[in-house]
Amino acid sequence: ELGEIETCLNRIEGIKEAVVLAKKDQQDNAYLCAYIVAGEKIDIKLIRGHLLKVLPDYMVPSKYVQVVEIPLTDK
């Protein structure tokens, strides 16, 4: 399912790359966080609105972080 969310994010104009992770807060509640690479500052409301048109509510990330690049891990 995370890949499906990433695909939807990557289809939004202006988004160059996106990664979605399932995380937990300090109270152990699960949430989705989207890390987004974009050429300009992103408008979270517009992105959420677009995602809500194509995904069920539970698949729309609740947190968004704009980053310069997605770090790759070395194994």
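Given the structure is predicted, the values throughout are model-derived calculations rather than measurements.

1. Quick word on the pairing of strand β2 (residues 30-38)
Then, in step 1: Most of β2 sits inside the fold, with 7 of its 9 residues counted as buried.
Then, in step 2: Judged from the 9 bridges that link them, strand β1 (residues 15-24) and β2 form a sheet pairing that is antiparallel. The residue of β2 that forms the bridge with lysine 23 is tyrosine 31.
Then, in step 3: The turn linking β1 back onto β2 is made up of 5 residues, and aspartate 28 within it adopts a positive phi angle of 70°.
Then, in step 4: Note that β2 and strand β3 (residues 63-66) share 4 bridges and pair parallel. Residue alanine 34 lies in a different strand from β3, and its bridge partner there is tyrosine 64.
Then, in step 5: What joins β2 to β3 is helix α2 (residues 44-54), and the crossover it makes is right-handed.

2. Some words on the nonpolar core
One broad trend across soluble globular proteins is that nonpolar side chains are buried collectively.
Then, in step 1: Leu9, Ile36, Ile47 and Leu51 are the most contacted members of the largest nonpolar core, which has 18 residues in total.
Then, in step 2: Elements supplying a minimum of two residues to this core: α1 (2-10), β1, β2 and α2.
Then, in step 3: Top element by residues in this core is β2. It accounts for 4 residues.
Then, in step 4: In this view, leucine 51 contacts Cys8, Leu9, Ile12, Val60, Pro61 and Tyr64; residues no more than four positions away in its chain are not counted.

3. As for the packing of aromatic side chains
In this description, an aromatic ring pair is defined by two values, namely the gap between the centres and the angle between the planes.
Then, in step 1: With the rule as written, the count across this model stands at 0 aromatic pairs.
Then, in step 2: Taking NZ or CZ as reference, lysine 63 lies 5.7 Å from the ring centre of tyrosine 31, over its face.

4. Focus on the pattern of salt bridges
Pairing is possible between side chains of opposite charge, provided their charged atoms come close.
Then, in step 1: This structure, assessed with the given rule, holds 1 salt bridge.
Then, in step 2: In this structure, the salt-bridge partner of lysine 24 is aspartate 28, at a minimum N-O distance of 3.8 Å.

5. A closer look at unusual backbone geometry
Then, in step 1: Backbone geometry places aspartate 28, a non-glycine residue, at a positive phi of 70°.
Then, in step 2: Within the element layout of this structure, aspartate 28 appears in the loop between β1 and β2.

What counts and how
- Along each chain, the written sequence defines residue order, and numbers are assigned to residues from 1.
- The predicted nature of this model means local features are confined to residues of pLDDT at least 70 and side-chain atom pairs, given and counted, to a pLDDT of 80 or more, with totals for whole chains, interfaces and linings taken over all residues.
- Hydrogens and water molecules were not included; the side-chain quantities draw on all heavy atoms of the structure.
- Here's how the labels work: a residue is buried when its accessible area is under 20% of the maximum for its type, exposed when over 50%, partly exposed in between, all with a 1.4 Å probe on protein chains only.
- Secondary structure elements follow DSSP: runs of H or I of four or more residues count as helices, runs of E of two or more count as strands, with numbering from the N terminus.
- Any two strands are treated as partners once DSSP identifies two or more bridges connecting them.
- By convention, orient the strands away from the viewer: a clockwise path from the first strand over the helix to the second makes the crossover right-handed.
- In plain words, nonpolar cores are sets of buried Ala, Val, Leu, Ile, Met, Phe, Trp, Tyr and Cys residues tied together by side-chain atoms within 4.5 Å.
- Two residues qualify as a contact provided that any one of their heavy atoms is within 4.5 Å of a heavy atom in the partner residue.
- Put simply, two rings from Phe, Tyr or Trp (the six-membered ring, in Trp's case) pair if the centres are within 6.5 Å, and we call them stacked under 30 degrees between planes, edge-to-face over 60, tilted for the rest.
- The criterion for a charge sitting over a ring is simple: Lys NZ or Arg CZ within 6 Å of the ring centre, and within 35 degrees of the ring normal.
- Criterion for a salt bridge: a side-chain nitrogen of Lys or Arg within 4 Å of a carboxyl oxygen of Asp or Glu.

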